[in-house]
Structure formats: structure tokens, C-alpha cells
Amino acid sequence: MSDILLQIDGKEVSATEGMTLLSAARTAGISIPTLCHHEKLEPFGGCRLCIVEVEAGGWTKLVVSCVYPVEENLIVRTRSEKVDRIRKSILELLLAHAPDAFELQDLAKEYGADKNRFEKDASFCIHCGLCVRYCAEVKKKNAIGFIDRGIRKEISFIPEIAARECNDCKECFPLCPTSYLQAVFVLTEGLAFSSPSSGSATEE
Ligand code: SF4
Ligand code: FES
């Protein structure tokens, strides 16, 4: 695979074809914040927090770095006034849903985001999809999924699968940026796993 040379934050970076800007930056030790990205999962591009500014042939645009492929001679800025302003707004919106999430609070400090800017609508899940995608793509169990759409969208464990698979796994728990996942699991466990038909799946 041929090398692609680009510049990220003023640093010459060598990447391989097909790499995303996010992985090229991280390989070069340059950090970009993410909320829905995981190296074991297919690129998703859901949270938009990883946006960066790119410049090529005299034009500048904003792109989602976890899905945007590297290009020869591209000039990338991972921080700029515009990038920071957008990240701040994204964080403020997410904080309205999950005001107590530590990961969001840390990012809010960095970007000067105000957790009270938008009216609170504490749904706790920020729809990053990490739990759902990890269970499907890595574990191949599909024990958790999204139900409903748009603002009503929420995650739900599939009790029949979860009762059988989740107690010995729980690998998705630490991925959740808001800890909401664990709360849903405990609720599902209490409501749905305890029937006699679920056997010993809930025993520790
Ligand atoms: S429960 Fe957590 S990991 Fe799952 S989609 Fe919501 S925020 Fe993401
Ligand atoms: S990390 Fe790129 S869109 Fe979420």
C-alpha cells in the first residue's frame, strides 16, 4: 500500500491509503476527541465531535475525521475557532441529555461548554451506539439494540438473548460515555431475567 503524505496541525504525517484522518492523527500522536468511535468497530460518524478543518487546492471545509479518508497533501487542523465552536455546541446539546456524565464534563471543561445552555432533557443515552455496535460487530450476539426512532430512540436489551449472554460478558459497560447502559441492564435484569424460565443466567 502506498504512503500518503499530509500535514496535521503543522506536522508532516505519513499514512496509508484507506486510513481515516482520525487514525492518521492518532498514529502521529495527535489527539482528536471522539464519543462514538472504537477501533474495533466500523466507522460510524454519529457524534460529530471529531470534526476537523481540512484545506486542499485553495478550499477549506469541515469533515468528520473518523470517516474521512486521508488524501495526499491535505492540510488538516484539528483545532480552530470554528472547530472548537462546533464541538462546544455539540457538547452543550449532549449535556442537556446527560448532564452528569464525567466524560462529557471533562470535554466541556476543555471546550468551555456550558451544561446549562439548553433546556435539560435527561434521557441519559447520547445515542453513540457503542454498546449496540460492539455487541453486534465484535461479540456477534445482538443482545442490545435501538428501539424507536428520532428523539424517541432508546436502547433496549433483548431479554431472551441478554439473560443468556450478558452476565459473562459485560464488555460493553465500560464503553458507555454516560453509564446509562449499566442502569438499563440492571433494570432489564430485574424485570426480565428473574423468571423461572431464564434458569441460572442471572446467578453470579
Ligand atoms: S447506552 Fe451508552 S453506549 Fe449505549 S448508545 Fe447510549 S450512550 Fe452509547
Ligand atoms: S467519533 Fe467521529 S463522529 Fe463520533
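The rules we used
- One numbering rule holds for all chains: residues counted from 1, following each sequence as written.
- Note on labels: chains are lettered from A, ligands numbered from 1, in written order.
- For a predicted model such as this one, the threshold for reporting local features is a pLDDT of at least 70, and the threshold for listing and counting side-chain atom pairs is 80 or more; totals across whole chains, interfaces and linings nevertheless cover every residue.
- Values shown for side chains rest on all heavy atoms present in the structure; no hydrogens or waters enter the calculation.
- Helical segments are the DSSP runs of H or I of at least four residues, strand segments are the runs of E of at least two, and each set is numbered from the N terminus.
- A 1.4 Å probe rolled over the protein chains alone gives each residue an accessible area, and that area as a share of the maximum for its type sets the label: buried under 20%, exposed over 50%, partly exposed in between.
- Pairs of residues are marked as contacts when any of their non-hydrogen atoms sit within 4.5 Å.
- Note on areas: Shrake-Rupley, 1.4 Å probe, and residue coverage restricted to the protein chains presented here.
- When charges are tallied, Lys and Arg are placed among the positive residues and Asp and Glu among the negative ones, while His and the ends of the chain are skipped.
- Just so you know, the charge point we use is NZ for Lys, CZ for Arg, CG for Asp and CD for Glu.
- Should DSSP find at least two bridges between two strands, the strands are regarded as paired.
- Between N-to-C directions, angles span 0 to 180 degrees; the directions come from axes that are lines fitted to C-alpha atoms, helices contributing only their stretch in contact.
- Think of it this way: one heavy atom of a residue within 4 Å of a molecule or strand is enough to make that residue near it.
- Polar here means any residue other than Ala, Val, Leu, Ile, Met, Phe, Trp, Tyr, Cys and Pro, which are nonpolar, and Asp, Glu, Lys and Arg, which are charged; Gly is therefore polar.
- Note on definitions: salt bridges are taken to be side-chain nitrogens of Lys or Arg within 4 Å of carboxyl oxygens of Asp or Glu.
- The start and end points of each domain follow an automatic or database-based domain assignment.

1. A closer look at the overall build of the protein
Across its full length, the protein holds 6 helices and 7 strands. Taken from N to C terminus, the helices and strands of the protein fall in the order β-β-α-β-β-β-α-α-α-β-β-α-α. If you line up the protein on its principal axes, its C-alpha atoms span 65 × 45 × 25 Å. Counting only residues that meet the buried cut, the protein has 43% of its 204 residues in that class. In the protein, of all internal contacts separated by at least 6 residues, the share reaching a separation of at least 24 is 52%. Only carbon and sulfur atoms are counted for the fraction: they give 51% of the accessible area of the protein, which is about 11400 Å². Here the protein contributes 24 positive and 30 negative side-chain charges, whose respective centroids are spaced 3 Å apart.

2. Looking at the sheet that holds strand 1 (residues 3-8)
Here we have 5 strands laid out as an open sheet, ordered 2-1-5-3-4, and mixed in their pairing. With partners counted over all chains shown, the strands left at the sheet margins are strand 2 (11-16) and strand 4 (59-64), one partner each. Sheet twist, expressed as the mean angle between neighbouring strand axes with direction ignored, is 35°. Relative to strand 4, strand 3 (residues 51-56) runs antiparallel, the two being bridged by 6 bridges.

3. A look at the site of ligand 1
All residues in the neighbourhood of ligand 1 are listed as Cys 125, Ile 126, Cys 128, Gly 129, Cys 131, Phe 146, Ile 155, Cys 176, Pro 177, Tyr 180 and Leu 181. By residue class, the composition of the shell around ligand 1 is 10 nonpolar, 1 polar and no charged.

4. What to know about the environment of Cys 125
Considering the arrangement of structural elements, one finds Cys 125 in the loop between helix 3 (102-111) and helix 4 (130-138). Judged by relative accessible area, Cys 125 falls into the buried class, the value being 13%. Along the backbone, Cys 125 and Pro 177 are 52 residues apart, and their C-alpha atoms lie at a distance of 8.6 Å.

5. As for the pattern of salt bridges
Counting across every chain of the model gives 10 salt bridges. Across the salt bridge formed by Glu 53 and Arg 77, the nearest N and O atoms sit 3.1 Å from each other. Residue Glu 53 is found in strand 3, and its partner Arg 77 is found in strand 5 (residues 75-77); the two are separated by 24 residues along the sequence. Using a relative accessible area of 11% as the deciding quantity, one classes Glu 53 as buried. Under the relative-accessibility criterion, Arg 77 is labelled partly exposed at 26%. When the shortest N-O distance is used, the salt bridge between Arg 79 and Asp 84 registers 2.8 Å. Classification of Arg 79 by relative accessible area gives partly exposed; the value is 37%.

6. Focus on unusual backbone geometry
Negative phi characterises most residues that are not glycine, and trans characterises most peptide bonds. One non-glycine residue, Asp 9, lies in positive phi territory at about 50°. In this structure, Asp 9 sits in the loop between strand 1 and strand 2. Positioned with a positive phi, Arg 48 is a non-glycine residue whose angle comes to about 70°. Along the polypeptide, Arg 48 turns up in the loop between helix 1 (21-27) and strand 3. Assessed through its relative accessible area of 42%, Arg 48 is described here as partly exposed.

7. A few points about the domain arrangement of the protein
Taken domain by domain, the protein holds domain 1 (3-79), domain 2 (80-122) and domain 3 (130-198). On a C-alpha basis, the centroid separation for the pair domain 2 and domain 3 is 26 Å.

8. Remarks on helix 4
All of the buried residues along helix 4 are Leu 130, Cys 131, Val 132, Arg 133, Tyr 134 and Cys 135. Lys 140 lies just past helix 4 and shows a positive phi near 55°.

9. Considerations on the pairing of strand 1
Burial along strand 1 is one-sided: Ile 4, Leu 6 and Ile 8 are buried, while Asp 3, Leu 5 and Gln 7, pointing the other way, are not. Relative to strand 2, strand 1 is paired through 6 bridges, and the arrangement is antiparallel. Each residue of the ladder has a partner; that of Ile 8, found in strand 2, is Lys 11. Linking strand 1 to strand 2, which pair antiparallel, is a turn of 2 residues; within it Asp 9 sits at a positive phi near 50°.

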